[in-house]
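Architecture at a glance
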Amino acid sequence: MVFTAFPKKALMLVVALMLSACANYAAYSLQAYTYATEAKAKTLKLVSKANGSYSANRAAAEALLLDMDVAYEFAAGIENNEEAAEIWDKLRDPDGNLVGGFLSAWRTEFPGGVSANSVFIEEFKKNITFSFDRLICLEANKGQATSCADVAG
Amino acid sequence: MDTDAVLSAIEEGLTDLIKNAAKTFSNEAERDLKAFVKESEEDIRRYAKLFAEGKLSQFELKFLMKMKTDNAELLAISAKGIARARIKHLMNSMKDLIVSTILAAV
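The following refers to the structure shown.

Scoring rules and cut-offs
- For every chain, the first residue of the written sequence is number 1, and numbering continues from 1 onward in sequence order.
- As they are written, the chains are lettered A onward and the ligands numbered 1 onward, keeping that order.
- Only residues with pLDDT of at least 70 are given local features in this predicted model, and only at 80 or more are side-chain atom pairs given and counted; all residues enter the totals for whole chains, interfaces and linings.
- Side-chain numbers here rest on the full set of heavy atoms in the structure, without hydrogens or water.
- Whether two residues are in contact is decided by their heavy atoms, any of which lying within 4.5 Å being enough.
- Defined here as a combined quantity, buried area equals the accessible surface (1.4 Å probe) lost by two parts on assembly, summed across both.
- Distance and chemistry together define a polar contact, namely a pair of N or O atoms within 3.5 Å, with one atom able to donate a hydrogen and the other to accept it when in protein, and with adjacent residues in sequence counting only for side-chain atoms on both sides.
- Under the scheme applied here, ten amino acids are nonpolar (Ala, Val, Leu, Ile, Met, Phe, Trp, Tyr, Cys and Pro), four are charged (Asp, Glu, Lys and Arg), and all others, including Gly, are polar.
- Lines fitted to C-alpha atoms define the axes, with helix axes restricted to the stretch in contact, and inter-axis angles between N-to-C directions lie between 0 and 180 degrees.
- Comment: elements are numbered from the N terminus, with helices defined as DSSP H or I runs of at least four residues and strands as E runs of at least two.
- Working rule for angles: under 35 degrees goes down as roughly parallel, over 145 as roughly antiparallel, 65 to 115 as roughly perpendicular, anything else as oblique.
- The sense of a crossing depends on the near helix, which, turned anticlockwise from the far helix by less than a right angle, makes the crossing left-handed and, turned clockwise, makes it right-handed.
- To sort residues, take the accessible area from a 1.4 Å probe on protein chains only and compare it with the maximum for the residue type: under 20% means buried, over 50% means exposed, and anything in between is partly exposed.
- Whenever a carboxyl oxygen of Asp or Glu lies within 4 Å of a side-chain nitrogen of Lys or Arg, that contact is scored as a salt bridge.
- The pairing test for Phe, Tyr and Trp rings, Trp by its six-membered ring, is centres within 6.5 Å, and the orientation test on the planes gives stacked under 30 degrees, edge-to-face over 60, and tilted for anything in between.
- Think of it as a cone above the ring: NZ of Lys or CZ of Arg counts as a charge over the ring if it is within 6 Å of the ring centre and within 35 degrees of the ring normal.
- Among buried residues, the Ala, Val, Leu, Ile, Met, Phe, Trp, Tyr and Cys ones that are joined through side-chain atoms within 4.5 Å form a nonpolar core.
- In the cavity and pocket records, a cavity denotes points on a 1 Å grid over the protein atoms alone where a 1.4 Å probe fits but cannot get out, a pocket denotes an open set with protein on both sides within 12 Å along at least 5 of 7 lines, and lining residues are residues with an atom within 4 Å of a point.
- Grid points are joined across faces, edges and corners, and a volume is the space filled by probe spheres set on the points.

1. Overview of the interface of chain B and chain A
Residue-level contacts link 46 residues of chain B with 55 residues of chain A. Buried surface at the junction of chain B and chain A, summed over both partners, amounts to about 4,300 Å²; 65% is from carbon and sulfur atoms. For the pair chain B and chain A, the number of links is 21 residue pairs in polar contact (both at pLDDT 80 or more). Among the residues forming the side of chain B that touches chain A, the class breakdown is 21 nonpolar, six polar and 19 charged.

2. Some thoughts on the packing of helix H4 (residues 82-92) of chain A against helix H2 (residues 58-105) of chain B
Where H4 of chain A contacts H2 of chain B, the two axes come as close as 9 Å, and the packing angle between them is 160°. Relative to H2 of chain B, the element H4 of chain A is oriented roughly antiparallel. As for the relative orientation of H4 of chain A and H2 of chain B, their crossing is left-handed in sense. Contacts between H4 of chain A and H2 of chain B involve Glu-82, Glu-83, Glu-86, Ile-87, Lys-90 and Leu-91 of chain A from the former and Glu-73, Leu-74, Ile-77, Ser-78, Lys-80, Gly-81 and Arg-84 of chain B from the latter. Grouping the constituent residues of the contact of H4 of chain A with H2 of chain B by class yields four nonpolar, two polar and seven charged.

3. A closer look at unusual backbone geometry
Residue and element names in this part refer to chain A. With a phi angle near 55°, Asn-80 is a residue other than glycine that sits in the positive phi range. Along the chain, Asn-80 turns up in the loop between helix H3 (54-76) and H4. Of the residues examined, Asn-80 reaches a relative accessible area of 25% and is grouped as partly exposed.

4. With respect to the packing of helix H2 (residues 30-47) of chain A against helix H6 (residues 120-143) of chain A
Residue and element names in this part refer to chain A. Axis separation between H2 and H6 bottoms out at 9 Å; the angle between their running directions is 175°. Of the possible angle classes, the one that applies to H2 and H6 is roughly antiparallel. Taken together, the residues of H6 that come into contact with H2 (itself represented by Ala-32, Tyr-33, Ala-36, Thr-37, Ala-39, Lys-40, Thr-43, Leu-44 and Val-47) are Ile-121, Phe-124, Lys-125, Ile-128, Thr-129, Phe-132, Asp-133, Leu-135, Ile-136, Glu-139 and Ala-140. Class assignment of the residues belonging to the contact of H2 with H6 gives a composition of 13 nonpolar, three polar and four charged.

5. Let's talk about the pattern of salt bridges
All told, the structure shown has 21 salt bridges over all chains when counted by the stated rule. Here Glu-82 of chain A ties to Arg-84 of chain B by a salt bridge, and the two come within 2.8 Å at their closest N and O atoms. Separated into two different chains, Glu-82 of chain A in helix H4 and Arg-84 of chain B in helix H2 make up a pair that spans both. Taking relative accessible area as the criterion, Glu-82 of chain A reaches 45% and is therefore assigned partly exposed.

6. Focus on the packing of aromatic side chains
Counted under the stated rule, the structure contains 15 aromatic pairs over all chains. Three or more aromatic residues link up through ring pairs in this structure, and these residues are Tyr-54, Phe-102, Trp-106, Phe-110, Phe-120 and Phe-124 of chain A together with Phe-59 and Phe-63 of chain B. The ring of Tyr-72 of chain A is capped by Arg-92 of chain A, whose NZ or CZ atom sits 3.9 Å from the centre of that ring.

7. Notes on the side chain of Asp-43 of chain B
Residue and element names in this part refer to chain B. Tracing the chain through its elements places Asp-43 in helix H1 (residues 3-52). With relative accessibility at 0%, the residue Asp-43 sits in the buried group. Of the polar contacts made by the side chain of Asp-43, one reaches the side chain of Arg-46; its length is 3.0 Å.

8. Here we look at the nonpolar core
Core analysis: the largest hydrophobic core is formed by 49 residues, its most contacted members being Trp-88, Leu-91 and Phe-102 of chain A. Put simply, the parts of the chain that give this core at least two residues each are H2, H3, H4, helix H5 (99-108), H6 and helix H7 (148-151) of chain A together with H1 and H2 of chain B. Per element, the largest residue contribution to this core is 10 residues, and it comes from H6 of chain A. Beyond its immediate sequence surroundings of up to four residues, Leu-91 of chain A is in contact with Met-68, Leu-98, Val-99, Gly-100, Ile-128, Ser-131, Phe-132 and Leu-135 of chain A together with Leu-74 of chain B.

9. With respect to the environment of Ala-21 of chain B
The residue Ala-21 of chain B is located in helix H1 in this model. A residue is classified by how much of its surface remains accessible, and Ala-21 of chain B, at 30% relative accessible area, is partly exposed.

10. Thoughts on the layout of surface pockets
Considering only enclosed or pocket space, the largest pocket measures out at about 350 Å³ in volume. Together, 19 residues line the largest pocket, and Phe-130, Arg-134 and Ala-152 of chain A together with Ala-35 and Glu-39 of chain B are the ones closest to its centre. Elements with a contribution of two residues or more to the lining of the largest pocket: H6 and H7 of chain A together with H1 and H2 of chain B. The greatest single-element share of the lining of the largest pocket, amounting to seven residues, is contributed by H1 of chain B. Residue composition of the lining of the largest pocket, by class: seven nonpolar, four polar and eight charged. Quantified by volume, the second largest pocket comes out at close to 150 Å³. Around the second largest pocket, the lining comprises 13 residues; the ones closest to its centre are Gly-96 and Asn-97 of chain A together with Phe-59, Phe-63 and Lys-66 of chain B. Listed by contribution, the elements that provide at least two residues to the lining of the second largest pocket are H5 of chain A together with H2 of chain B.

Here it is, written out as structure tokens:
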């Protein structure tokens, strides 16, 4: 009896240690979730205007980048939240190929706007929607297990 | 209180919890990865066609191709974060199971 019960007790002890050691991850934050959904909406709206000149949209572009800087700082300030901070950093990177990179290209490569014959804007929007949906899915999963297929939209 | 019965119930419950959580996450991660790969293949073929038709410039084509690489990284980073979040939920469920099983026995 004692010998058969001991392994179970040892298992429970191991489980208890695991519970206290592994359960640390950032909690769900409505603020973080809202930063992600708002930045997605603002990005899609601004990019839709990229057939126009950068100078005519400079204020909105700079406001969006500031929003993303705020969201990055917010994410980076939360413990055990490395993935969300890394995603924000990639999204805003002016040398990357996501939001920051698009705005840099608009300013330097096609300051007068993307050619009317080009499908670049629509293709970019499709890809950047995926980028934001992964971040939104991560934020949703902090609250409860959520399939990313249910978040995408 | 029958300690052995309580421990058996906890052990059985924990096993089910872990199996279900691992299977669900593994299936979702695999489905997300396969969907991304399939969609990327289709997109890259379409970009090449659009470039040939003059509907994408060389700069735009390169940008979109690099964007796929960035999105592959985002997929991996987010999957890691989601896995960590799911482990947190699993640990909480395990705590709840242990406490409720013990309380039900006393």
